[in-house]
Amino acid sequence: MIFVLLRPCTGYTGTGHGMEPSSQIDKSKLPQHIAIIMDGNGRWAEERGQDRLFGHLNGVESVRNVVEGAAELGVKYLTLYAFSTENWERPPYEVSGLMELLVETIKKEVPTLNKNNIRLQVIGDVEMLPDNARKELEQAITDTAQNNGLTLILALSYSSRWEIVHAIRQMAAEVASGKINAQDIDKNYFERFLCTTGLPDPELLIRTGGEIRVSNFLLYQIAYAELYFTEVKWPDFRKNHLFEAIIDFQHRQRRFGKTGKQVVENKPEC
Ligand code: IPE
Ligand code: IPE
Ligand code: MG
């Protein structure tokens, strides 16, 4: 069952309980890995009579604020869907504007990432990125590699179908070279070829901007993620919206195919 939470689209307006959302979060039950589809930038700008790039520019502040919120709480992994394989099909001016914004933002943010002990990683077909963007990213990944607080994963030129086909191609090469027998391929072996190898699956997937779909994002990895959709467009999304999504997550019963009774009975004694 998908939960749809409708929110106003003009910034954070509170929970209505008179309590700060962060104080309602059970820190012992945080989702380890949160993934966000940052959507709605273009419409946000168009509503204001502005160019779509204005929306992307304003979305950068949301990234800063949400990353800060996740790090403050102690979330271990945050994956942000920033640019999909399909987004290459957008008008060239929008694609190049987004790439420039990416380069500028990464350059500027590395000191803040280091100050906050945040490690940067990337998933996706980075070979497709312009040279300067790829170099800035590689530099930022190296410069933050020693940090051990939040791991921030940018999904860039990423799509699940690309990732899965890419993984299968690599596995097929291993079978062809005799490194493994096809019948010995299991779930663990397959996962080694995904971009997310070594990362826990996202437990909470958030999509902003009002669309109720996953747009080719982490299709394999979100098999058991809790899905949270909000009308808030990305440039209006702030850490308190993230906290509300986490509170909602903490009220769900995750059954993983079992019955509700089994889940309750297996809970450790308090
Ligand atoms: C998400 O916002 C950012 C990217 C896909 C790069 P959009 O640009 O998709 O904004 P809308 O959905 O058109 O409003
Ligand atoms: C998904 O948003 C991709 C990112 C947020 C980077 P899109 O705006 O591209 O998705 P669709 O086209 O509405 O499905
Ligand atoms: Mg969109």
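Keep in mind that what you see is a predicted model, and the values were worked out from it rather than measured.

Along the chain, the position of Gln-170 falls in helix 5 (residues 160–176). Given the relative accessible area of 34%, Gln-170 is considered partly exposed. Measuring from C-alpha to C-alpha, the distance between Gln-170 and Phe-190 comes to 9.8 Å, with 20 residues separating the pair along the chain.

Attention shifts here to the site of ligand 2. Around ligand 2, a shell composed of Ile-37, Met-38, Asp-39, Tyr-81, Ala-82, Phe-83, Asn-87, Arg-90, Arg-207, Arg-213 and Ser-215 is seen. The separation between an oxygen atom of ligand 2 and a polar side-chain atom of Arg-213 is 2.8 Å. When ligand 2 sits alone it has 390 Å² of accessible area, and the protein chains cover 78% of it. When residues in the shell around ligand 2 are grouped by element, the largest group, 3 residues, is from strand 3 (residues 77–84). Its residues assigned to classes, the shell around ligand 2 shows 5 nonpolar, 2 polar and 4 charged.

Per the stated rule, a full pass over the model turns up 9 aromatic pairs. For the pair Trp-234 and Phe-237, a centre-to-centre distance of 5.3 Å together with 20° between the ring planes defines the contact as stacked. Judged by relative accessible area, Trp-234 falls into the buried class, the value being 1%. A network of ring pairs unites the aromatic residues Tyr-81, Tyr-158 and Phe-217 as a single cluster. It is Arg-48 that lies over the ring of Trp-44; its NZ or CZ is 3.9 Å from the centre.

Moving on, we come to the site of ligand 1. In the neighbourhood of ligand 1, 13 residues make up the surrounding shell, with Asp-39, Gly-42, Arg-43, Arg-52 and Arg-90 lying closest. Within the side chain of Arg-52, one N or O atom sits 2.9 Å away from an oxygen atom of ligand 1. One of the side-chain nitrogen or oxygen atoms of Arg-90 is found 2.7 Å away from an oxygen atom of ligand 1. Protein chains shield 88% of the accessible area of ligand 1, which is 370 Å² for the free molecule. Broken down by secondary-structure element, the contributors of at least two residues to the shell around ligand 1 are helix 1 (41–47), helix 2 (52–73) and helix 3 (92–115). Of all the elements, helix 1 adds the most residues to the shell around ligand 1, at 3 residues.

Looking now at the pattern of salt bridges. Counted under the stated rule, the structure contains 22 salt bridges. Of the charged contacts, one joins Arg-252 and Asp-248 as a salt bridge, the two residues approaching to 2.6 Å between their closest N and O atoms. Asp-248 shares its class with Arg-252; the two are buried. With its nearest N and O atoms 3.3 Å apart, the salt bridge here joins Lys-261 to Glu-265. One end of the pair is Lys-261 and the other is Glu-265, both in helix 8 (residues 260–265) and 4 residues apart, which spans about a single turn. You can call Lys-261 exposed: its relative accessible area is 58%. The network of salt bridges with shared partners includes Asp-39, Arg-43, Arg-207, Glu-211 and Arg-213.

Looking now at the pairing of strand 5 (residues 151–158). Burial runs high along strand 5: 8 of the 8 residues are buried. Sheet topology places strand 3 next to strand 5; 7 bridges connect them, and they run parallel. Residue Tyr-81 lies in a different strand from strand 5, and its bridge partner there is Ala-155. Pairing analysis gives 5 bridges linking strand 4 (residues 119–123) to strand 5, with the strands arranged parallel. Pairing of Ile-123 across the sheet is with Ala-155, part of strand 5. Read from strand 4 through helix 4 (residues 131–143) to strand 5, the crossover connection turns out left-handed.

What counts, and at which threshold
- Residues numbered from 1 in each chain as written.
- Chains lettered and ligands numbered in written order.
- Predicted model: local features only at pLDDT ≥ 70, side-chain atom pairs only at ≥ 80, totals over all residues.
- Heavy atoms only, no water.
- Helix = DSSP H or I, 4+ residues; strand = E, 2+ residues; numbered from the N terminus.
- Buried < 20%, exposed > 50% of the residue type's maximum accessible area, 1.4 Å probe, protein only.
- Near = heavy atom within 4 Å.
- Polar contact = N/O pair within 3.5 Å; in protein donor to acceptor, adjacent residues only side chain to side chain.
- Areas by Shrake-Rupley, 256 points an atom, 1.4 Å probe, with all protein chains shown as cover.
- Nonpolar A, V, L, I, M, F, W, Y, C, P; charged D, E, K, R; others polar.
- Phe/Tyr/Trp six-rings, centres within 6.5 Å; stacked < 30°, edge-to-face > 60°.
- Lys NZ or Arg CZ within 6 Å of the ring centre and 35° of its normal.
- Salt bridge = Lys/Arg side-chain N within 4 Å of Asp/Glu carboxyl O.
- Pairing = 2+ DSSP bridges.
- Right-handed = clockwise from strand over helix to strand, strands pointing away.

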